Structure formats: C-alpha cells, structure tokens
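# Fold and geometry: a report
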Amino acid sequence: MIEDPIIFEVIKNSLISAAREMSVALRKAAFSPNIKERRDCSCAIFDAGGKLVAQSKDIPVHLGAMPLSVRACIDDLGGRLKDGTMALLNDPYRGGSHLPDLTLVCPVFIHEKLVGFVANRAHHADVGGASPGSMPGLSLNINEEGIVISPRIVIEERNLLKDRVRDLLEGTRTPYERLGDLSAQMAANNVGRDRLITIMKEHSVARVLETFRGLQQYSRRRMLNALSPYIGKTGTYKDVMESDGAGNFDIPIKVSITITKNGANISFAGTSRQVNGNINCPLASTLSAVYYVFIAVFGKGIPTNEGCWSCLDIEVPNSSLLNPVYPAPVSAGNVETSQRVVDVVLASLYEIVPEMIPANSQGTMNNLTIGGVDPRSNKPFTFYETIGGGAGAGYGIYGTSGVHSHMTNTLNTPIESLESEYPVRVISYSLRENTGGHGRWNGGDGIIREIEILADDCIVSIQSERRKTAPRGLAGGKNGKIGVNKMLYHGEEYILQSKTTVKTLHGATIRIETPGGGGWGVPPNQAD
Amino acid sequence: MRVLGIDVGGTFTDLILVDTNTGEETIHKLATTPSQQEKSVIQGIEELLNRISMSPSEIDIIIHGTTVATNAMIERKGARVCLVTTRGIEDVLEIGRQNREEIYDLFARRPGPLVARQNRVGVDERINWRGNVVVPLETREVSRVIDSLKKMNPEAVAISLLFSFMNPKHEKQLAKGIRGSLRSYVAVSYEVLPEYREFERTSTTVLEAYLGPVILGYLERLDQSLTKIAPAARLNVMQSNGGTVRCSNISGRTIGLAISGLAGGVIGGWETARQNDIKKALTLDMGGTSCDISALHGGIKVRPDNEIAGFPLRFPSVDVKTIGAGGGSIAWIDDAEILHVGPQSAGAVPGPVSYGLGGTEPTVTDANLVMGRLSPGYFAGGSIALDDDLAKRAIHNIGKRLGLSKRNTALGIIKISTANMVQAIREITIEKGMDPREFTLIPFGGAGPTQAVDIAESLGIGQILIPRYPGITSAMGLVHADLRVDMMRSVMLKATENDQRLLLSTFESLIKDAQQALIEQGADEKNIHIQQEVDMRYQGQSHEIPIDIPPHITGYPEVTRNLFETEHKNRFGYLLKDREIEWVTARVVALATDSRANAEAPAIFEFTESDEREVIMPDGEVIPVQIYRRVSIPIDRQMKGPLIIEQVDTTTWVGQGWSLKRTRSDVLWLRRGGH
C-alpha cells in the first residue's frame, strides 16, 4: 500500500515538523508568560474532513480534543471558511474544552480546493468571568467562567477583525495582552498553512493527500496489532473526584474496558451525572484523556493521528460528569477531571497489561490564578500557572520528582519572568522530600511553590485535587502523599480547600504543596 | 605565516601545517594518548617538524580542536561541583522546567543533576526584577557560605543568584569571597550567561564549573609544553560554534569548547562541498571511536543552544550528531544472542585485534580486513601492520557462538555498523522532512570512505565525494576556518532616537574587544571584518528576532525597526502597529579572513602497479578485486567498481554498480551507475 517508504516517511516527518514550527512561532510571537514561557499551547494539522494528520509535541489534553474543534467549525461554518479566513472558538459544548483555551482554525486551499486545516489552541490568561484568570474556584454556571465563543470567523483576508472579538476584548481584564496572543495564534496558523502548501507543492497535492489517508490507516493497523494479543480481556475501575467546589464530595468516575478484535470498547457507564461545581469535563477533553492512555500504553513508536483512536469505541453517558450539557460549569474539568479519567483508564488496563501500568501520578495540575491591579503600573494583571508533582513509579522504574504528568506538559514560569511581569515574589520553589509513595520502586516527590503577593486586593483561585484521597501505589507500593494548599499571612497559616477563591492583602503568601506519586511493588523493608 | 591545525580524536591525533605564503601543506597522523591528550599533541608536532626539518619557532598560529570536554560529559568525569544559589530555589537545577521530553512517555526520566542536593548552598539575599537589592547580602552570610563550602571541599563552585543579570553585585561579592578562601574553580552566572531564566542560566553555570577544571588543566599543561618547543606560536582553540578563542582567554568560557572537536570536521566537510559546488551535503566523519554526521544545506548551521549528554547548554554550536560508530567499534553478543557493534571502542590501545597489541574483541576494522577491503600491509600507509590471522580467529570465535560462518559474521558486523550510521542520518534528514537522496555524501575520517558505499546504498544516495585527505579533513577544517570571535551584550533598550546613543556605544566597545581578541589570536588587523547584529522584539514578547545591521548606516532606530517589521511580517505574517519595539541584545561577529584557503595544488598522477585481492561481496560471494593507489588513478577517467583505492590516510571501497572518477583538484567522485 505504501508505494515509496522513504517518501512516506519524509512527508510524515515534514508534517510533524510543520506542526512543530507552528508551536515555535506561536510562543515566539506571544505576549503572555503562560504561552511564551509555559508553552500552554498546541498545534496540529488536519485533513479536509477535520481528522488529525500530524501534531506537535505539546499538551496531550489539547491535542486529542482539537479534532472536535475543527469539525465544529466545518459543521457550523462550512463554505464560509474561505481562503484567508480563520475561525475562533472555545465553546465547551461545541468542540471546546474550558473557556480560556481559545482554538483558532485555518482552512488551507490550493488552487481554490480545500486540502486540509491547520489549527492551534492556546490557554489565555483571562477571558472574563467572575474571577481574574477565568479559572474560578467555585463557579456554578458557564457564564461565570468567561465569554463563550461558538465557532465564528474572526480573520478575513489574513487580517484579525477586532469587531468580531469585541465581546472577548470587553470581557477580559487584559485586552492588550489578548490581542497580542491572538495575533500569535494567527502567526502559528500562517506558518502552518505556508508549510503545508510548500510540502504539497514539493511532493504534489495528490501524493500528500494520499499520505494523509495512508498515515491514518497505518497508525490504525499498528494500534490494532498492539491490542490484538489481549483480545477478550476486560478491566474495570472506579475512582472519585474528591470535591466539585460546590458542596459535593467523592464524585464517582467508572470505566469498563474490553479489548475486541476491532480495537477496544470503553464505557463510562456508572459515572456521576454532571454536578453543580466546575469539575464537569467536556466530551472532547474526556475523549482526549482516553486517547492519551491508549497511545501511551499501546502506541509506542506509532505516529499520532486519527488512526490511533479510530479503533476505540468510547461510550460516555449524556449529561454526565464526562459529557456535560449547557450550562454546566467546566473550568476545572479539562484540567483536573481529565487527570482522573487517565487514572481510572490506566487502573482498569492494569487488569489487562499489569507490567505496563504505572502507579498513580499526582493526579492534578494544581491550577493557580492570581489577579488584581499591579501597583507598579496601575494596570490589571492576571497570572495563571500549573504546578508539577510526583510521577507514579512503574515496574523497574522510579517515579520522577517535580514533573508534569499525563494530560499536561506545560513548563514552569521562570521565577525571573514571574517577578518581572507580576507583583509577586517567589519565596520557595523546591522538591517536597519524601512525598513519593514507598515501594520496590518509589514514586516521585511533589513540589513546594510559595509565592508572596506584593499587591493589595488580589483574587487568588485554586483548582486542585488529591488533597484528601492520595495518589495510589500499585502492586503493593504505598500511596503518594496528598497535596496541601495554604495561605500564610502575618505569621498565621490558613489551610485552603482544594477548590477555592480567596481575596488577599499585600504580603499574603500562597504555598502550594503538590502530591507525590504512588510507589510500585512491595517496599524492600516490608517484603519477607 | 605558518598555521598548524591539530585535531585530537578518540583514536588518532591529526596535524596539518600550512604555509600561507607558498600554499605548501604537510600532514601527519599518530595515535592519541587518551588519558593525556597533550602528550600525543606535542609528540605529533615534534614528529611532523622533524620530517620537514623545520624549527618549531617558525610556527605562528596553532588552531586546536579537542574532545576533552565532550568526553568529560559523556563519561561524567567532570569536577566535583557545589552550587551556591538564592535560598529557596536550590532545587531549580533538579526540577528544570518541570516538563518531560516525550508527552506519551509514562515513565519519563531525567538525567540526575550534576550537583547533589547536599552540595547546594542556599544564600540569604535577594535582588528584584529591577536589579534593586531587597535583601542585602551580609558579610557574615558570605562567611557562612564559605565555611560550608570549605567542609564540602569542592573542585569547582557555581554561583547563580536570581536577577544577577540585572545586578551582579551579590554574585561578585560571593565570587570574591570564595576565590579568596578556596582554591576551587569558580563559575559565576552573570559572566557565563547573563540572560534571564534561572534554570537555563544555573544549569549552564554548573556545566561551566563541571568542565572548567578539566579543560583548563589540560590546556595549561599543553600550553606549558608548547611554550618550551614553539615559543612564538599562539595557541587558539576551536569553539563549538566554529569561532576561535585564545587559550589564555578560556577561563570562565570553557563550555564554549563542549563540542570543539566536532566543529573542525563540519567546517572541513563543508569546505570540500563548497569547492565542488555542492549545495546539499551529508558530512560523515568516521574515525576510530565515533562518527559525526551533519546535514548541510547551503552552509553550516549554528544552533543557538545545544544539549550535551542530556543537559541543556545555552551556547551556540554547529549542528552535528555523534554516534559511537568507528573503525574501532567493538562487535559483541548480548545475553539474547544478538550481535551488536559499538558504541564501545577498542580505541588506539589495544586497538582492533589485528593490531596485535592485545585486543581480543573483533572490531569494524577487523571485519573490513577479513572481508578483504583493507590491506594488511598498507593500513595507515603501512605504519600499522595488520595481522590477518588474528582478525580471522577473533571473527571466527564470535561467529561460532552465533552459528555463523566467518564470512557472514564479518559481513554482519559491517551491516550492523552501517545500519547504526544510516539510522543517525535518517534522524537528521528524513525525521526533519528532508530526503537524503538529494544529498551528496562526503565521507572522511580514516574509516568513512571504506563504508560510504554501503551507507549510500542503504539510503538510496547516488553520489559520494571523497576529499583529497579524508583522514585529516577535520584538521584541515581547523586551518581553513576563519579566526572568528563572537561578542554579545544584553542592552534592553527602546528602538528610538533617545536610546540610540547607548546602542552605538555598546557596539563600539564590543567591536573594540572583538578586534583585540582577534589580534591576540594572531590575526592581521587589516584582514578583520566586522558584522553587527541586534536582537529585536515587540515589547512584551520574550523571544527576539536577530536583525543584521547593514554596514555604514545612519539612523539606527528607523533602519532596524523597518528591518524588524519586514522580518516579523515575513516570519509570522503580520505587524503590530501600536506596540513599542525593543533592542534586546547587541552582537558582533569579527572574522579574520586571510589567504590561508589557497587553491588546492593540482592532482598528481604517478603510475604504480595495481594489485588484486579476494574480497567478500555484500551477497557473500568472493571475487578478485583490483587495488589501486590513489596517485595511480588517471585524472578524469571513469572506472567501474568493484575497486579498492588505497592512500596513506584511508581506504576507499567502490562497490559493484558504482563508478569512480578522480578530478583535476584531486577529489574522488563515486556515482551509482555511470558518470
């Protein structure tokens, strides 16, 4: 089927490097630290039907979810997606994830024929809503979380039309930064479109389109091969989200998996209905978490594209925690609940391929947002970051300390960037020793991040998990230590809840201690 | 002027002396003394000068490429380092940027930090983003730090404090105190990498501390010995970016030598490509220990940063990939009875089994000997006698364990070694979306031309170019490279009339320093050529676009802003009209071009009798093959493979289906099919 294996590889890798060049352009042109330093953004290339063809090595929760964004644009805008246009969206019920993630989709034409799409998703530091950073600890309705954007064309003839994003620019606390970052997203798509056209001109349109199909078939075949030794095996697991920030606790997520000759059935029947608090996880993010696990466990060396998950049959009940409907709040679902989806899917695969499964990693992203007015410039600021923790150990492998796991892979904000851009001082950024679970192989340690706020009347929001139920050890390994959120002020220490929004005064210090990873295997001193 | 290039590899030390007045070249090669590289360097100089009866005092400039730093990193044999850093961020070195390299890797690991936690000392001090002191560094705190360091007794100390690039006061205070009380090598972040982002700056400073004592120790020993034998010569060292540095100026900048030994090969390979009008070249430098591969498209690519043995290094370096595949690479069998080749090498001592110096494990060279590609009597021009029987026995022994004939074992070793190099080439071409078939393979190093056809066959490459002196192409690159100095300084200015004066004065002082450095290296002032660059961005971005400043302009703000906007539009597709534009870093490149790169002397034809030897072909068949000395190949006449071409520094294998042509400028063209 693959006519010339070298050309196939060359085109495949050209597409991947085009996606990577998009990511580089995006962060190089960006203005907010969350994008230019933390790289909270992802880029990918799609065929004309919106199927993923190639992606950059960015953020798993973005990457698996973007195809639904592209398809929402195709469905809603269809023929209005002309050469030179780009469409924007963040609607969690129409292919988006949570509101700060803005996705910009660009159709690519050659001789007036649609040949594919390039798209990127970037997490903006503020899109309006009840609290700065648009990641409120306690929202009860999507409209408290910011401006909702259903697919709409915002770029025509390669120019960003400000009146098409007026609601966003009026809703956000930082419009100047938003415009800069939106332009950077346009830059990424410009680079991607130009690269894709170059590749098609170099190898002929027909050959590249054939490779689009060939790549998906190739990845699908290799995934099926990787699953085939386990046909007929099943696994099931249930875990909980410890709180939704709205008074509900221990909210169940259940999964059952069967490996079949056509791939795998994954059912989330038995999972909680959607809840009042903001941990509802949009469908695209749920699917993204399942794709992530199957690629990580079975897809080693397989090019990532739609073919990798075309053999997965995933059932997610409507109006459930993992497939919510309007107006359920979702801001923590994409970042926190998606991590738990990974935990349960991995745990149920442990019954099928035990030696390939690690213990629980920290199971949270420790989302921290701080907003207020910067006394140095008298301008509003919003700062957002996520904090790494301990990774789970595996058979023969110690868990890594102080690292992001599973659905995110954002970098830290360099302290020197943080303090230059915002009125804060970092007191401590260190490993939280002995927080990884003991085992034959220990889990990784968490992180301590302590930030002093040098402005009055700031609003701090935290969205976190694993503050009550610890990351589990596996095969006799001990659990990792739970995380803790604290505020220190005038010598007093206040414990903050896992989901929280608080107002702070000058000199208040936020101290986040992130969870350790679970250990794997019985610790040596306890084995007999 | 007489310029001496010295390239020290893991196995051989190569020297080339060029007289720039006459164009005369003398080459010499000897075994490296791995534990004391300076020994073979001095011995090589003495041997070379003896051969041509020249007095050492007649050498003007020495340019040296060294692998001391690379080896220290790979073998993790750098100095014992303590890190002194702002209290509270002692773990930054270990956490890095908190991300993982591969997003789907459930078991992502990082290399262990070069400084263990108990050797990191936190200091009570604080400087803020503007460079103002928030928590002063007290004298007694400096004493406390010194006391704890004394207990640890490190060979080197790295100092990296927050915001030292804005205000180095506290770093200077600590450095002064530590230098006054300890004998350790001290690396200070504001000198090593005065840029923001604490992890990258700290990590690079730690690397400087880790490598400094090793490299300086070596260069000091070398310089002392040289002063005795060649007092007039100035010793310059090749840096990773292709620039040169005077030996006495290296302290504090040793990380610049991280891949010193590789830059010469890339320059030498590209020089060959350029002289033969090749735009796309794959240079393959295969010596005794390793193989360095670079894909060049229109010129040598310098990356702004690099990674060495898994550690990020913010120092510009030529883009080159190294794998453990050389003539000395050892063939071995693992516990699952699978045959492997390398990355371990038999080096120069004991060397391949056929050297007869006590080696027992067969190497790639032994396999080539058994296959008949190498001559027992003319290896390295006959200076190293190869024992055919020893090689056969060793290959037979390893084949017996695999149930393979001697013939198939030798073929297998060559196939595996070829596959390792092919994989590396794929990584730098196909995996970056380039088709290797559009490139010309330029193999050199002592072992490159022997396996070039196998590699080309495997990748579908149709054209191979073999330089005049393949065995010493790296050393040739050293003497043909321009002396080059790069200088930079962060300026952080607005691109306006107001700030123009500060930018200009920065350039003025950088140019002065760069010129001075080149003159100290031995350059003639009138040959110095200056290029100016400034990194620019919109205020609020963190990444800059480098802008070349055209010579002799007035009105820097307008000219550079226009160039920046054009480039921003070019790269990203748009401009931002309402934003301020900044000058971030001023850069100066000073080049001393003189006429060292003389036109090559024409090829000389000298008739010698051809010979014949039985050679094992890739399909296992044994057939007689004609052997020629390189000088006896007629100029511009096509000859058909299989053929073997021998010369002092290498042996070229021309496989079946390939043809050969020697040109007037004495390069060998190998082409699949006919010419």
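Residues numbered from 1 in each chain as written. Chains lettered and ligands numbered in written order. Predicted model: local features only at pLDDT ≥ 70, side-chain atom pairs only at ≥ 80, totals over all residues.

## Focus on the overall build of chain B
How we decide: Only DSSP runs of H or I covering at least 4 residues are called helices, and only runs of E covering at least 2 are called strands; the numbering of each starts at the N terminus. For the radius of gyration, the atom set is restricted to C-alpha positions; the globular benchmark scales as 2.2 Å times the number of residues to the power 0.38. This entry defines residue contacts through backbone-placed C-beta atoms, with two residues in contact when those atoms are within 7 Å.
In terms of helices and strands, chain B carries 15 helices and 34 strands. At 27 Å, chain B has a C-alpha radius of gyration in line with the 26 Å of a compact globule built from 675 residues. Overall, the C-alpha framework of chain B stretches about 80 × 55 × 55 Å when taken along its three principal axes. Look at the contacts in chain B between residues 6 or more apart in sequence, and 67% of them connect residues 24 or more apart.

## Focus on the pairing of strand S13 (residues 280–286) of chain B
Residues and elements named next belong to chain B. So the rule is basically this: With C-beta atoms placed from the backbone, a residue is labelled by how many other C-beta atoms lie within 10 Å of its own: buried for 20 or more, exposed for 12 or fewer, partly exposed between the two. By this definition, two strands are paired if DSSP reports at least two bridges between them.
Most of S13 sits out of view: six of its seven residues are buried. Pairing of S13 with strand S14 (residues 291–297), which is carried by seven bridges, proceeds in the antiparallel orientation. Each bridged residue has a counterpart across the sheet, and for alanine 281 the counterpart in S14 is leucine 296. Here S13 folds back onto S14, and the loop between the two strands holds four residues.

## Quick notes on the sheet that holds strand S19 (residues 499–504) of chain A
All names here are of chain A. Operational definition: Angles shown run from 0 to 180 degrees and are taken between the N-to-C directions of axes, each axis being a line fitted to C-alpha atoms and, for helices, limited to the stretch in contact.
In spatial order, the strands read S13-S12-S16-S19; together these four strands make up an open sheet with antiparallel pairing. Edge positions in the sheet fall to strand S13 (379–385) and S19, since each of these pairs with one other strand and no more. Direction aside, neighbouring strands of the sheet carry axes that sit 10° apart on average. Summarising the sheet, strand S12 (residues 367–374) and S13 pair through seven bridges and their orientation is antiparallel. From the neighbouring strand, isoleucine 370 faces S13, where its bridge partner is phenylalanine 383.

## Structural notes on the packing of helix H1 (residues 5–29) of chain A against helix H7 (residues 205–227) of chain A
Residue and element names in this part refer to chain A. We apply this condition: The labels follow the angle: roughly parallel below 35 degrees, roughly antiparallel above 145, roughly perpendicular from 65 to 115, and oblique for the rest. Gly counts as polar in this scheme, as do all residues outside two lists: the nonpolar Ala, Val, Leu, Ile, Met, Phe, Trp, Tyr, Cys and Pro, and the charged Asp, Glu, Lys and Arg.
Direction vectors running N to C along H1 and H7 enclose 90°, while the axes themselves pass 10 Å from each other. Between H1 and H7, the interaxial angle falls into the category roughly perpendicular. Side by side, H1 and H7 meet where Phe8, Ile11 and Lys12 of the first sit next to Val208, Thr211, Gly214 and Leu215 of the second. Among the residues forming the contact of H1 with H7, the class breakdown is four nonpolar, two polar and one charged.

## Details of the interface of chain A and chain B
Across the contact, 48 residues belong to chain A and 41 residues belong to chain B. Counting residues per element, the ones that place at least two in the side of chain A that touches chain B are H1, helix H6 (175–203), helix H8 (283–298), helix H10 (415–421) and strand S14 (424–432) of chain A. In terms of residue count, the dominant contributor to the side of chain A that touches chain B is H1(A) (nine residues).

## Description of the confidence of the model for chain B
Inclusion rule: Note on scores: pLDDT gives the predictor's confidence for each residue, bounded by 0 and 100.
Per-residue pLDDT for chain B has a mean of 91; in total, 99% of the residues score no lower than 70. Interface confidence in the predicted complex, given as ipTM, is 0.95; pTM for the same model is 0.91.

## What about the sheet that holds strand S27 (residues 581–592) of chain B?
Residue and element names in this part refer to chain B. A sheet is described by the order of its strands in space; here four strands give the open sequence S24-S27-S25-S26, paired in antiparallel fashion. The open sheet has two edge strands, strand S24 (483–494) and strand S26 (545–549), and neither has a second partner. Strand-to-strand twist of the sheet, defined as the mean angle between neighbouring strand axes without regard to direction, takes the value 25°. Taken together, the five bridges between strand S25 (residues 528–538) and S26 define a ladder with antiparallel strand orientation. Residue pairing in the sheet places aspartate 535 in a bridge with proline 546 of S26. Across the face of the sheet, helix H15 (residues 556–572) comes into contact with S25, S26 and S27 while running at roughly 135° to S26.

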